[in-house]
Amino acid sequence: MFGMIVFTFLGCGPAADQYFLRHDGADLRVRVEGNADSGEYILLLHGGPGRDSEWYNIGAWSERMESEVAMVYTDQRGQGASHGIYDETDLTLEQLADDTAAVIRSLHLRYGEDIHLSVMGHSWGGMLGIQALLQPDTQDDVDRWIEVDGAHDVFLLNQLAVPMFLDVGEQEIAAGRNRNEWRDIVRFAEGVNVDEISAGQSAEINRLGFEAERLIDRVSLDPEIRLLDVVDYYVASPISWPTAATVGRQTNEALSAQIELTALSPRLDEIEIPTLLLWGAYDFVVPPGVGTDAASRMPDAALVVLPDSGHTPMFNQPAAFADAVLDFIDENQK
């Protein structure tokens, strides 16, 4: 069972509302901004684990989305501005998926059974979203699934990252770009047996994935993200950053062992609602091959690969990203 502690406030978007959902000992922060009159809501499941939803509410992509639909930003258990009284045994993929299903139900209770709801999961949020949608009856409450560079299968993404390091690295070295840095990445990749990747190698693949993306000249940050936006993120948001950083690390550590062993690819055929798979072509953290594999397994899925994006395409190609999402919603109206 769950209950709600609710308050509303005025925000910078066309409409803003916030409430805390109490569920299994956690108070989950849920914030809605944007065009509620559209009847279209998108629930964003942030990356991490250990991050928050606040960071996604900056830049051109969120401004465009909020002008068209209502964006729902929620902080997961043990992350961001969510809080509560529970112990480490409650920090599991299954519990966070149950939390997500509760948030989905709360949105229908608060805004009406007739709203159209899409769920969007980025990175770790891709694993979390799929786990939630695999729960009984959850897909009945969701119109569409949008997975953005989703880490729903850690073994597969590691397997695909290694040859991507080698292929792109050799091309960049041949072109004379960042040769020393790429040589180090290629040398590491050459020493990895993709059939027996250790936990330490997995962590290094993740670290080098972000480093490799930084070395790609054509992948850049949305120029509309200003210094003021970053300052607001740390100063004007309701999150206590020292506390959130500490708790977020603990949450990440509690979940990491389970995440490393989770492979949801074999169950993707159970996601029967319309699905958009959005990937950056230069995502070394979760390579686009993960999206290609997912598209081949799902009964109603479309894959869009953005050519000048990495792991965060909403910040690399915000206009193209927003267009892809909004076109998908238009094409899959109920």
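Residues numbered from 1 in each chain as written. Predicted model: local features only at pLDDT ≥ 70, side-chain atom pairs only at ≥ 80, totals over all residues. Heavy atoms only, no water.

Asks: Looking at this model, I keep getting lost on the overall build of the protein chain. Mind explaining?
Replies: Helices and strands together make up the secondary structure of the protein chain, namely eleven helices and ten strands. Relative to the 2.2 N^0.38 estimate, which gives 20 Å for 334 residues, the radius of gyration of the protein chain is 19 Å and therefore close to what a compact globule would have. Taken over 334 residues, the protein chain has a buried fraction of 55%. A fraction of 76% describes how many contacts in the protein chain between residues 6 or more apart in sequence connect residues 24 or more apart. A total of about 14,100 Å² of accessible surface is found on the protein chain, and carbon and sulfur atoms cover 51% of it. (Helix = DSSP H or I, 4+ residues; strand = E, 2+ residues; numbered from the N terminus. Rg over C-alpha atoms; globule rule 2.2 N^0.38 Å. Buried < 20%, exposed > 50% of the residue type's maximum accessible area, 1.4 Å probe, protein only. Contact = heavy atoms within 4.5 Å. Areas by Shrake-Rupley, 256 points an atom, 1.4 Å probe, with all protein chains shown as cover.)

Asks: Sorry, what's going on with the layout of surface pockets here?
Replies: The gaps of empty space that remain are located by a probe, the size of a water molecule, rolled over the atoms. Counted as a void, the largest pocket has a volume near 850 Å³. Elements with a contribution of two residues or more to the lining of the largest pocket: α3 (124-133), α4 (154-174), α6 (199-214), α8 (241-260) and α10 (313-316). Element by element, the count of residues in the lining of the largest pocket is highest for α6, at seven residues. Grouping the constituent residues of the lining of the largest pocket by class yields 18 nonpolar, 13 polar and five charged. (1 Å grid on protein atoms, 1.4 Å probe; cavity = no way out; pocket = protein on both sides within 12 Å on 5 of 7 lines; lining within 4 Å. Points joined across faces, edges and corners; volume = space filled by probe spheres on them. Nonpolar A, V, L, I, M, F, W, Y, C, P; charged D, E, K, R; others polar.)

Asks: What am I meant to see in the environment of D195 here?
Replies: Tracing the chain through its elements places D195 in the loop between α5 (179-190) and α6. On a C-alpha basis, the gap between D195 and F155 in space is 9.0 Å, while along the polypeptide they are 40 residues apart. Apart from residues lying up to four places away in sequence, D195 is in contact with F155 and Q159.

Asks: Please explain the pairing of strand β4 (residues 40-45) as it appears in this structure.
Replies: Looking down a regular strand, the side chains alternate between one sheet face and the other. Of all six residues in β4, six are buried, a share of seventy percent or more. Taking every second residue as pointing to the same face, both faces of β4 are buried, with E40, I42 and L44 on one and Y41, L43 and L45 on the other. In this structure, β4 lies alongside strand β7 (residues 116-122), joined through six bridges in parallel fashion. Note on β7: the bridge partner recorded for E40 is H116. Note: β4 against strand β5 (residues 70-74), five bridges, orientation parallel. Residue pairing in the sheet places L45 in a bridge with T74 of β5. (Pairing = 2+ DSSP bridges.)

Asks: What am I meant to see in empty space enclosed by the protein here?
Replies: Per the stated rule, a full pass over the model turns up one cavity of 30 Å³ or more. Roughly 80 Å³ of internal volume is contained in the largest cavity. Forming the walls of the largest cavity are L28, L43, L45, T74, D75, Q76, R77, L96, D99, T100 and V103. Breaking the lining of the largest cavity down by element, the ones donating at least two residues are β4 and α2 (93-111). Per element, the largest residue contribution to the lining of the largest cavity is four residues, and it comes from α2. Partitioned by chemical class, the residues of the lining of the largest cavity number five nonpolar, three polar and three charged.

Asks: Looking at this structure, I do not really get the packing of aromatic side chains. What am I missing?
Replies: Here the distance between the centres and the angle between the planes together describe a pair of aromatic rings. Scanning the entire structure with this criterion turns up six aromatic pairs. Ring centres of Y56 and F315 lie 6.4 Å apart, and the angle between their planes is 35 degrees; on these two criteria the pair is classed as tilted. One end of the pair, Y56, is in the loop between β4 and α1 (59-68); the other, F315, is in helix α10, with 259 residues separating them in the sequence. An aromatic cluster is present here, built from W55, Y56 and F315 joined pairwise through their rings. (Phe/Tyr/Trp six-rings, centres within 6.5 Å; stacked < 30°, edge-to-face > 60°.)

Asks: Help me out: how do you make sense of the environment of V186 in this one?
Replies: Here V186 lies in helix α5. Setting aside its immediate chain neighbours within four residues, V186 contacts F165, L166, G169, E170 and I173.

Asks: Honestly, the nonpolar core in this entry has me stumped. Any pointers?
Replies: Buried together is how nonpolar side chains tend to be arranged in soluble globular proteins. Counting 48 residues, the largest nonpolar core has L43, L107, W124, W145 and I271 as its most contacted members. The dominant element in this core, judged by the number of residues it contributes, is α2, at seven residues. With sequence-adjacent residues up to four places away left out, I271 is seen in contact with I130, L133, L134, Q139, W145, M298 and P299. Counting residues in each nonpolar core, the second largest holds 25 residues, with Y56, I225, F315 and A324 among its members. (Core = buried A, V, L, I, M, F, W, Y, C linked by side-chain atoms within 4.5 Å.)

Asks: Looking at this structure, how should I read the pattern of salt bridges?
Replies: Between side chains of opposite charge, a pair can form when the charged atoms approach closely. Applying the stated rule across the entire model yields 16 salt bridges. In this structure, the salt-bridge partner of R29 is D75, at a minimum N-O distance of 3.5 Å. Within this pair, whereas R29 is found in strand β3 (residues 26-34), its partner D75 is found in the loop between β5 and β6 (83-84), the two being separated by 46 residues in sequence. For R29, a relative accessible area of 2% puts it in the buried group. (Salt bridge = Lys/Arg side-chain N within 4 Å of Asp/Glu carboxyl O.)

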